[in-house]
Amino acid sequence: MQYDALKTFITLVEVNNFTKTSEILHISQPSVSLHIKNLEQELHTTLFIRSPKSVQITPTGEILYKRAKQIMAITEAARDDIATYHHEVQGSLIIGASFTIGEYILPPILANLHQQFPQLEIQVIIGNTKEIIQYTKLLQVDIGLIEGQAQDQELFIQSFMQDELFIVCASDHPLARQQPLTADKLQQQSWVAREEGSGTRNYLDHLFRANGLQIHSLLTISSNQGVKESVIQGLGLSLLSACVIERELKNGDLTTIPLEGQHFMRTFSYLYSPTMKNKHNVDILINALLKKLN
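Rules behind the numbers
Residues numbered from 1 in each chain as written. Predicted model: local features only at pLDDT ≥ 70, side-chain atom pairs only at ≥ 80, totals over all residues. Heavy atoms only, no water. Phe/Tyr/Trp six-rings, centres within 6.5 Å; stacked < 30°, edge-to-face > 60°. Helix = DSSP H or I, 4+ residues; strand = E, 2+ residues; numbered from the N terminus. Buried < 20%, exposed > 50% of the residue type's maximum accessible area, 1.4 Å probe, protein only. Pairing = 2+ DSSP bridges.

**Q** Describe the packing of aromatic side chains, with residues and values.
**A** All chains considered together, the criterion is met by seven aromatic pairs. Taken together, a centroid distance of 6.2 Å and an interplanar angle of 85° make the contact between Tyr203 and Phe264 edge-to-face. One end of the pair, Tyr203, is in helix H7 (residues 199-211); the other, Phe264, is in strand E11 (residues 264-272), and 61 residues separate them in sequence. Each member of the pair Tyr203 and Phe264 is classed as buried. A network of ring pairs unites the aromatic residues Phe156, Phe160, Phe268, Tyr270 and Tyr272 as a single cluster.

Structural data, given as structure tokens:
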């Protein structure tokens, strides 16, 4: 199978449109069709069901897509390794990061990487923990960084950092003046939380279950910044990482609420497909993480 044909196939699967595929790859639409036809003839299967308005991938097309992504990843790894042999770190590194890591932990690490390896093209995709795991499995990112731990036999997963979370409220909230608290004081409170699939939300749900808390209301926002601003405006309590609330605590906009005998710790982890094992640019990021945080 030719590299260009596989690249065309992958692009068509992901954009689901022949015209867009030709525009992205800067080739003619007949060339796109020819690449797909050649793959189908070589593999003796139909990869797409075509209609005037849509393109639908077949089950055998799904099989090829997964393997084609692996082939492309291995090809990119080979290119990176050859560049390294010639004493240059270049090529691309696509990082998937959950919101807390991507917005607060990763930026200074990326600044150091850019200074050390200016030829390395870095792209960061931010999503919640559930999304980053899926992106990593589909090889849409080279490496994922998530909040909490995960179990998936298709991925290599390793913790790299401990993170502490705190219950927070607006500085003028009634509970801000009643510290420290027992868990029963949190009954029937309003809360502001991240969305389902977020590592922070998973920990908050665990906090509710472990302490038998009944909530008055729950506002869900898919952004750390949105959660913080809502808490500052008095819309409820929340549970957030220390790195997320550092500035607001210094400014007096937020106050932590300690619970007697309870501390909230979780693990940050990196994960990647075995296909990415020993990919030089992935190793560079892992080393930068461990060096910066240890």
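Here the narrative resumes, following the displayed structure.
**Q** Please provide a residue-by-residue account of the pairing of strand E6 (residues 156-170), values included.
**A** Examined bridge by bridge, E6 and E11 share nine bridges and lie antiparallel to one another. In the strand pairing of E11, Met161 is matched with Phe268. Inspection of the sheet shows E6 paired to strand E9 (residues 238-241) by four bridges, in the antiparallel sense. When the bridges of E9 are listed, Phe166 appears paired with Leu240. Examined bridge by bridge, E6 and strand E10 (residues 254-256) share three bridges and lie antiparallel to one another. If you follow Val168 over to E10, its bridge partner there is Thr256.

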